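Breakdown of the fold
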Amino acid sequence: MMFPYEEWALRDVKTLIDVGAASGVFLKEALSVYPLKRWLAIEMLKEHRAELLEVVSPFAAGEIKIVAVVDRPVGNAVYRKCSNLDSSSLLELNPESYLHFGYEQAKMTTVDSGMAETRTLDELAMGFEQVDLLKLDVQGAESRVLRGGEITLSHTRYVVTEVLVWQHYFDQSPPGGIDHILSGYGFQEAWRGNEIRS
């Protein structure tokens, strides 16, 4: 498995919201590890819908929403797709981010862009009395998602989030900013993974 579920040791996970679901790698693994009674996969790129449907087809009690998650709705927002990574962001790519990886082949550029409908996490999570696991992988916009999820965070048990320590995107969420928001809701860091390099 790509994610260390045993190390996380999360108990009684029956509901999941996956923000930045992409092609469904995390969701597929979570569905095989936890006895989920309800899940929501949120992804802003329409082209990932088919992959997500394939991942979740054997599982009921879930929903896929194609939308970008923000701190306050702005109608539609511009997203950017990056070269060298299967990633996209609402934030502008830092063209010097490849210096972090130390080799020219890691140089990333914006290869495509488009428009995505925007919603807050609180709007999308309406109807969830409790969120056992909230997963965030939104390429530097984690703080924005969390700021739009005050109600959701107040009834969330576990949060797993990507934290970018290198400036991959302009105006990305600083690690301390994410920690500050989560600690304000009583969350404590229980596990920190190693950096994953592509």
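Because the structure is predicted, anything quoted here is derived from the model rather than measured.

We now examine the layout of surface pockets. As a volume, the second largest pocket reaches approximately 190 Å³. Along the walls of the second largest pocket sit Val-70, Asp-71, Arg-72, Val-74, Ala-77, Val-78, Leu-90, Leu-91, Glu-92, Ala-141 and Arg-144, which together make up its complete lining. A class-by-class count of the residues in the lining of the second largest pocket yields seven nonpolar, no polar and four charged.

This paragraph deals with the sheet that holds strand β7 (residues 110-120). On the basis of which strands lie adjacent, the open sheet formed by four strands has the order β4-β7-β5-β6 and mixed pairing. Both edges of this open sheet fall to β4 (68-70) and β6 (88-89), since each of them pairs with a single strand only. Sheet topology places strand β5 (residues 76-82) next to β6; two bridges connect them, and they run antiparallel. The residue of β6 that forms the bridge with Arg-80 is Ser-89.

A word on the side chain of Glu-43. Locating Glu-43 in the fold gives a position in strand β2 (residues 38-43). No salt bridge is formed by the buried Glu-43, whose closest oppositely charged neighbour, Lys-135, lies at an N-O distance of 7.0 Å. Reaching out from Glu-43, the side chain makes a polar contact with the backbone nitrogen of Ala-21 at a distance of 3.5 Å. At a separation of 3.1 Å, a polar atom in the side chain of Glu-43 contacts the main-chain amide nitrogen of Leu-45.

As a further point, take the packing of aromatic side chains. This structure, assessed with the given rule, holds eight aromatic pairs. Where Tyr-5 meets Trp-8, the ring centres are 5.2 Å apart and the plane angle is 75 degrees; that geometry is what we call edge-to-face. Placement of both Tyr-5 and Trp-8 in helix α1 (residues 5-8) is noted, with a separation of three residues, approximately one turn of the helix. Trp-8 matches Tyr-5 in its accessibility class, with the two residues each being buried. A centroid spacing of 5.7 Å and a plane angle of 80 degrees characterise the contact between Tyr-5 and Tyr-34, whose relative ring orientation is edge-to-face. Of the two residues, Tyr-5 sits in helix α1 while Tyr-34 sits in the loop between α2 (25-33) and β2, which places them 29 residues apart along the sequence. Each member of the pair, Tyr-5 as well as Tyr-34, is classed as buried. An aromatic cluster is built from Phe-3, Tyr-5, Trp-8, Phe-26, Tyr-34 and Trp-191, whose rings are joined through pairwise contacts.

Each value, and the rule that gives it
Residues numbered from 1 in each chain as written. Predicted model: local features only at pLDDT ≥ 70, side-chain atom pairs only at ≥ 80, totals over all residues. Heavy atoms only, no water. 1 Å grid on protein atoms, 1.4 Å probe; cavity = no way out; pocket = protein on both sides within 12 Å on 5 of 7 lines; lining within 4 Å. Points joined across faces, edges and corners; volume = space filled by probe spheres on them. Nonpolar A, V, L, I, M, F, W, Y, C, P; charged D, E, K, R; others polar. Pairing = 2+ DSSP bridges. Helix = DSSP H or I, 4+ residues; strand = E, 2+ residues; numbered from the N terminus. Buried < 20%, exposed > 50% of the residue type's maximum accessible area, 1.4 Å probe, protein only. Lys, Arg positive; Asp, Glu negative; His and termini not counted. Salt bridge = Lys/Arg side-chain N within 4 Å of Asp/Glu carboxyl O. Polar contact = N/O pair within 3.5 Å; in protein donor to acceptor, adjacent residues only side chain to side chain. Phe/Tyr/Trp six-rings, centres within 6.5 Å; stacked < 30°, edge-to-face > 60°.

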